[in-house]
Amino acid sequence: MLELQGIPVSPGVAIASALVLDPDGYRIPRCIVPASDVEGEFARLQDAVDEVAQKLEQSRLETTATAGSKTGDIFAAQLQMLHDPRLHSELQKRIREDHQSAAFAVSSVLHNYATALQRLENPFLADRAQDVLDIERQLLMQLGAVTRQPLMELNESVIVLSRMLTPTETAGLNREFVKGFCTEVGGPGGHTAIVAKGLEIPAVVGIGEFLPVIAGADCVIVDGDRGRLIIDPTDEVLDSYRQRAEYRRTLALRLAEQSQLPAETTDNVRISLNANIEFPHETGSCLQRGADGIGLYRTEFLYLSSEEEPTEEDHYEAYAEVISQMGGRPVVIRTLDLGADKMGHGKRAQAENNPFLGLRSIRLSLRNLDLFRPQLRAVLRAAALGDVRVMFPLVTTIGELRQARMLLNVVAEDLKESGVPYRSDLPVGMMVEVPAAVITLERFAAEVDFFSIGTNDLAQYTLAVDRSNESVADLYQSSDPAVLRLIQASIDVAELTQTPLSVCGEMSSNPARALLLLGMGVRNLSVPPSALPRVKKAIRSVSIKQCEEIAERICKLESARDVDLYLMDRLADLAPELVMQ
Ligand code: PEP
Ligand code: MG
């Protein structure tokens, strides 16, 4: 038995035989084509670029749907690289002027790019180098210069062991047979890691060189919880991992049995447990997992998943589908939260030095009324079909809220005049995700019907930590005492002004943190569909009094680490099933 330690990037345990990918990868021989073939060679390259662009777009759509936007954006970034004009002119020069074959030109130019990035010894840029190599491999496959990976032809369960896996390879893993993977290189913030997590494939990266010692391993274990790769385990170790894997499987089944029970504490306090969605088709898994409604519908994905800007009808159809699928349950539609890390490649994309502090979200909508109006018209019309509420993101000043509400009224007047059916008393809420809004929240209370705390952005703006920058990922903690104080202040204002409040940031999808939120006074949570079973189980395992005791104790703690350690301890007492053995 050999046990190797790496970086855990995607939780879970997998046991299967090893599939070792060729560590040498591929090499394209230098090839010069006759002058008469140069134009044909260039046309082949252009066809390959078009094909790869289509595949990347497809991967982006599929990955966004299955693993969320952040993961899907990886492919948007690769698309951007693929269309880089400097890359194109370099390839054109090599083929047209130097008469290199398309495959050789692609291989050498992209390899040079990747090597230059790796030499900078910056972990972030090293991850981007993997994206460049990913594009290279895809172009070469398209040009017929390298054959497909054996990964495509699987017919038994395997654990993939490789020097590295690109994000595209990871997204394309056949999930029926690939049970986990381990790589020699890679870091926790790499896109490969993000894709693995999104797809829920146990994975460990950054193990260091191990492929030479692995040949012929019949059985390997990936422990994605602790970052271990175990080769040829002893019977004892194998047994204990089999038990853990079985435990996880039965837990998921047990939780599924409870999916239609109410999210109610042991002292009979009913919590509204809703789901966050990005696409209408997700309503199926929300209902299957017993969501009370949709607490956050991130409508900007309508833009991000299409090359064309959606029309009012596109908006309306998407909303109508969600509302009808949810069968009378509440649906909170959030207006466009475009900008920062959620910017498509359309005409509105604009480079900014500090995009998270720039023209994003409600600011962008208010400056682009041709973008905002069709959405508001569609929301008002769709609201006539069910229990719909609208919510504005990133509201920072009362002026923004008033402007947005005024526009909503103007749009409603237009609909009225043209005799189009719409809902005139549509409830209007705002997201609380900027400290400025928290500090002045009682002013907003008089002008909205509900609040929803976005802990993802609230943590980012409170702690001055870019939420998408892996170099400062350790500082990005929604359980930081400063963030908790702002959450508590918001809850207090909501109670005082009797304004309904929910929490829809990722914080509420962590069962232990969800209990803390209940103790702080929250009675409405919205979480990603995959988190519904575990959060419901946590809610059904505790009394409000127990949660209040947790919140009281947490007030005295000084760091996010202390808060999380204490919360894990309490969860282990109150809902031991949810804490992995
Ligand atoms: C948040 O900021 O917590 C939130 C829910 O919005 P998003 O993650 O879409 O910015
Ligand atoms: Mg937000």
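Keep in mind that what you see is a predicted model, and the values were worked out from it rather than measured.

As a benchmark, a tetrahedral metal site with four donors has ideal angles of 109.5 degrees, while an octahedral site with six donors has ideal angles of 90 or 180 degrees. Donor atoms from the polypeptide that bind the magnesium ion (ligand 2) are Glu433 (OE) and Asp457 (OD), placed at 2.0 to 2.2 Å. Of the two residues, Glu433 sits in the loop between strand S13 (428-432) and helix H15 (435-439) while Asp457 sits in helix H17 (residues 455-463), which places them 24 residues apart along the sequence. Pair check on accessibility: Glu433 and Asp457 agree, each one buried.

Now for the domain arrangement of the protein chain. Under the domain assignment used here, the protein chain contains domain 1 (2-27 + 148-250), domain 2 (35-142) and domain 3 (258-578). The centre of domain 2, based on its C-alpha atoms, is set 37 Å off from the matching centre of domain 3.

Turning to the packing of helix H13 (residues 369-382) against helix H14 (residues 398-417), a few remarks are in order. Where H13 meets H14, the closest approach of the two axes is 9 Å, and the angle between their N-to-C directions is 60°. You can see that H13 and H14 cross each other, and the crossing is right-handed. Each of Leu369, Phe372, Arg373, Leu376, Arg377, Leu380 and Arg381 in H13 lies in contact with H14, whose residues at this interface are Leu407, Leu408, Val410, Val411, Ala412, Asp414 and Leu415. Considering only residue class, the contact of H13 with H14 consists of 10 nonpolar, no polar and 4 charged.

Quick look at the packing of aromatic side chains now. Applying the stated rule across the entire model yields 2 aromatic pairs. For the pair Tyr297 and Tyr319, a centre-to-centre distance of 5.8 Å together with 85° between the ring planes defines the contact as edge-to-face. In this pair, Tyr297 sits in strand S10 (residues 294-298) while Tyr319 sits in helix H11 (residues 312-325), placing the two residues 22 residues apart along the sequence. Comparing Tyr297 with Tyr319 shows no difference in burial state: the two are buried. Relative to Phe392, the ring of Phe372 lies with its centre 6.3 Å away and its plane at 75°, an arrangement referred to as edge-to-face. Taken as a pair, Phe372 in helix H13 and Phe392 in strand S12 (residues 388-392) lie far apart in primary sequence, 20 residues in all. Both residues of the pair, Phe372 and Phe392, belong to the buried class.

Moving on to the pattern of salt bridges. Opposite charge on two side chains allows them to pair when their charged atoms are near. Tallied over the entire structure, the rule returns 31 salt bridges. The residue Arg381 makes a salt bridge to Glu313 at a minimum N-O spacing of 2.9 Å. Taken as a pair, Arg381 in helix H13 and Glu313 in helix H11 lie far apart in primary sequence, 68 residues in all. Given a relative accessible area of 13%, Arg381 falls into the buried group. Between Glu549 and Lys545 there is a salt bridge; the shortest N-O distance is 3.0 Å. Of this pair, Glu549 and Lys545 are both found in helix H21 (residues 544-554), 4 residues apart, which corresponds to roughly one turn of the helix. Using a relative accessible area of 39% as the deciding quantity, one classes Glu549 as partly exposed. Residue Lys545 is classed as exposed on the basis of its relative accessible area, which comes to 55%.

This part covers H13. Taking 1.5 Å of rise per residue, the 14 residues of H13 would be expected to cover 20 Å, and the 19 Å separating its terminal C-alpha atoms lies within 8% of that figure. All of the buried residues in H13 are Leu371, Phe372, Gln375, Leu376, Ala378, Val379, Leu380, Arg381 and Ala382.

Turning next to the environment of Leu161. Mapped onto the elements of the fold, Leu161 is located in strand S4 (residues 158-162). A sequence separation of 19 residues divides Leu161 from Gly180, and the C-alpha atoms of the two residues are 8.8 Å apart. In contact with Leu161, other than residues within four places in its own chain, are Ala18, Leu19, Val20, Leu21, Cys182, Phe210, Leu211, Ile214, Val220 and Leu229.

Now for the UniProt feature "binding site: phosphoenolpyruvate" (unreviewed entry) in the protein chain. Taking the numbering used here, the UniProt-annotated feature "binding site: phosphoenolpyruvate" (unreviewed entry) corresponds to Arg298, Arg334, Asn456, Asp457 and Arg467. Judged by relative accessible area, which is 3%, Asp457 ranks as buried. Excluding anything up to four places from it in sequence, Asp457 contacts Arg360, Glu433 and Arg467. For Arg467, the location among the structural elements is in the loop between H17 and helix H18 (481-497). When residues no more than four places from it in sequence are discounted, the contact partners of Arg467 are Lys70, Phe356, Asn456, Asp457, Gln460 and Tyr476.

Here we take up the state of the cysteines. Applying the stated criterion to the full structure yields 0 disulfides. Distance from the sulfur of Cys286, which forms no disulfide, to the nearest cysteine sulfur (Cys504) is 14 Å. Left unpaired, Cys555 is separated from the closest cysteine sulfur, that of Cys547, by 14 Å. The exposed category is assigned to Cys555, whose relative accessible area is 64%.

Turning next to the side chain of Asp223. Within the element layout of this structure, Asp223 appears in strand S7 (residues 220-223). On the accessibility criterion, Asp223 (0% relative accessible area) is buried. Not counting residues within four places of it along the chain, the set of residues in contact with Asp223 comprises Gly12, Val13, Val204, Arg228, Tyr241 and Arg244.

Attention now goes to the site of ligand 1. The full set close to ligand 1 counts 15 residues, and Arg298, Arg334, Gly454, Asn456 and Arg467 are the nearest of them. Protein chains shield 99% of the accessible area of ligand 1, which is 290 Å² for the free molecule. Put simply, the parts of the chain that give the shell around ligand 1 at least two residues each are S10 and H17. Looking at the shell around ligand 1 element by element, the count peaks at 3 residues for H17.

Further remarks concern the sheet that holds strand S5 (residues 178-183). The strand order across the open sheet formed by 8 strands is S1-S8-S7-S3-S4-S5-S6-S2, and the pairing between neighbours is mixed. Two strands in the sheet have a free side with no partner beyond their single neighbour: strand S1 (2-5) and strand S2 (7-10). When strand polarity is set aside, the average angle formed by the axes of neighbouring strands in this sheet is 30°. The pairing of S7 with strand S8 (residues 228-231) spans 4 bridges and is antiparallel. Across the sheet, residue Asp223 finds its bridge partner in S8, namely Arg228. Helix H8 (residues 235-257) contacts strand S3 (13-20), S7 and S8 of the sheet and is inclined by roughly 120° relative to S3.

Calculation notes
Residues numbered from 1 in each chain as written. Chains lettered and ligands numbered in written order. Predicted model: local features only at pLDDT ≥ 70, side-chain atom pairs only at ≥ 80, totals over all residues. Heavy atoms only, no water. Donors = N, O, S within 2.8 Å, 3.2 Å for Na, K, Ca; no water. Helix = DSSP H or I, 4+ residues; strand = E, 2+ residues; numbered from the N terminus. Buried < 20%, exposed > 50% of the residue type's maximum accessible area, 1.4 Å probe, protein only. Domains from an automatic or database assignment. Axes fitted to C-alpha atoms, helices over the stretch in contact; angles between N-to-C directions. Left-handed = near helix turned anticlockwise from the far one by under 90°. Contact = heavy atoms within 4.5 Å. Nonpolar A, V, L, I, M, F, W, Y, C, P; charged D, E, K, R; others polar. Phe/Tyr/Trp six-rings, centres within 6.5 Å; stacked < 30°, edge-to-face > 60°. Salt bridge = Lys/Arg side-chain N within 4 Å of Asp/Glu carboxyl O. Expected span 1.5 Å × (residues − 1). UniProt positions renumbered as here; feature names shortened; annotations may be inferred. Disulfide = S-S within 2.5 Å. Near = heavy atom within 4 Å. Areas by Shrake-Rupley, 256 points an atom, 1.4 Å probe, with all protein chains shown as cover. Pairing = 2+ DSSP bridges.

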